[in-house]
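Observations on the three-dimensional arrangement
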Amino acid sequence: LEVTPTLLTMVCHNIVLDEYLLGVTALVTIGQQTLFFIIAAYFEFDKVTDFAGGTNFTLVAVLTFVLSGSYYPRQILVTAASALWGVRLSLYLLMRIIKIGKDDRFDDKKRGFSLEFAAFWVVQAIWVFVVSSPVVLLNSRCNEDVPLDARDWIGLSIWLVGWLIETVSDQQKFTFRNAPANKGKFCNVGLWSVSRHPNYFGEITLWWGLFVTCCGVFTPSMYWSLVGPGMITLLLLFVSGVNLLEDSSDKRYGTLPEYLEYKKSVSNLIPFPPFLFRILPPAIKFLFFFEWPMYSRELLKLQQGASEGGEGGEGGIEDRVSQPAQRGE
């Protein structure tokens, strides 16, 4: 039976059959996050939080690919890319948390069967479902086999660049942090010398790349999945990524002249040569490089405190950075 676009549309509007595979994705995601929440809450630890998220992406990608029953080249490439990202990130974060011992995000939260701990897992389930949506829709039974074209290869190339940047920067920072000689120092080597958050830039980039490839065969009703890469961008910029790390870095290193110089010379997100970035007008940095006041609020507090201290005769920020107690934090 030849599947015509009209018949395809009729079948894909049959909610019972879940031809978009969104129902099974929701059930699997809720099931996995609930299972890991119970384990983490019962033992009151946080070593499986990120592992549960990353592996969920891999499970959703592979499961929807198998259930689709149509193994087109585009589906194979995108599913492999999504699964590879999930596996790599999950193993890296698991190795890191085992090495570190705990997740600082939960220091002010009860790790047992509490609403605040459960809220994290609810948000993580939503994150997996929404960000995975372009891959899920591509793997659904609502697409036809359209030959790969330039847009597909551009999207996959963007994914590859993003994946390599995230992978390399994660490894560089992990190696830097585990070197005894670097204790108490901030990471400014490799990709971290041209971006203060190259791993987040890579992650944002790779998901936009996958969307470019996926949407090549989307029907108009599928473009809502644009919220997938949009959500990962917003989360990393405003919720659980750049904002948190800028605050913590400013608190820890904000009295060090070398850190202040690093922050002036190195782009917040997009990799860019420091010698050029430093001389860019503030308006350009604000509009194109995400250099927003919200990412320096803790530094401003330190500078205000130093100014008040100077008025009281205790010296400004430049005087206090030489004190061992400040450098050892």
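Residues numbered from 1 in each chain as written. Predicted model: local features only at pLDDT ≥ 70, side-chain atom pairs only at ≥ 80, totals over all residues. Heavy atoms only, no water.

Our next topic: the overall build of the chain. When you go through the chain residue by residue, the secondary structure sums to 15 helices and zero strands. Taking all 329 residues of the chain together, 47% fall into the buried category. For the chain, restricting intrachain contacts to residue pairs at least 6 apart in sequence, the fraction spanning at least 24 positions comes to 75%. Counting only carbon and sulfur atoms, one obtains 69% of the accessible surface of the chain, whose full area is about 16500 Å². (Helix = DSSP H or I, 4+ residues; strand = E, 2+ residues; numbered from the N terminus. Buried < 20%, exposed > 50% of the residue type's maximum accessible area, 1.4 Å probe, protein only. Contact = heavy atoms within 4.5 Å. Areas by Shrake-Rupley, 256 points an atom, 1.4 Å probe, with all protein chains shown as cover.)

Now for the nonpolar core. One broad rule of soluble globular proteins: the nonpolar side chains tend to lie buried together. Ranked by internal contacts, the top residues of the largest apolar core, which has 46 residues, are Trp85, Trp127, Trp207 and Phe218. Contributing elements (two or more residues each) for this core: helix H3 (49-68), helix H4 (73-100), helix H5 (115-139), helix H6 (150-177), helix H7 (198-214) and helix H8 (227-239). Ignoring any residue separated from it by four or fewer positions in sequence, one finds Phe218 in contact with Pro134, Leu137, Leu138, Asn143, Phe211, Tyr223 and Ser225. Grouped together as the second largest cluster of nonpolar side chains are 10 residues, Phe37, Val48, Phe117 and Ala118 included. (Core = buried A, V, L, I, M, F, W, Y, C linked by side-chain atoms within 4.5 Å.)

Counted under the stated rule, the structure contains zero disulfides. Summary of cysteine pairing: Cys215 is not part of a disulfide, and the nearest cysteine sulfur, belonging to Cys214, is at 7.7 Å. Under the relative-accessibility criterion, Cys215 is labelled buried at 7%. (Disulfide = S-S within 2.5 Å.)

For the pair H3 and H4, the least separation of the axes is 7 Å and the interaxial angle reads 160 degrees. Of the possible angle classes, the one that applies to H3 and H4 is roughly antiparallel. Handedness of the crossing formed by H3 with H4: left-handed. Between H3 and H4, the residues in contact are Asp50, Phe51, Gly54, Thr55, Phe57, Thr58, Ala61, Val62, Phe65 and Ser68 and Gln75, Ile76, Thr79, Ser82, Ala83, Trp85, Gly86, Val87, Ser90, Leu93 and Leu94, respectively. Looking at the contact of H3 with H4, its residues break down into 11 nonpolar, nine polar and one charged. (Axes fitted to C-alpha atoms, helices over the stretch in contact; angles between N-to-C directions. Parallel < 35°, antiparallel > 145°, perpendicular 65-115°, else oblique. Left-handed = near helix turned anticlockwise from the far one by under 90°. Nonpolar A, V, L, I, M, F, W, Y, C, P; charged D, E, K, R; others polar.)

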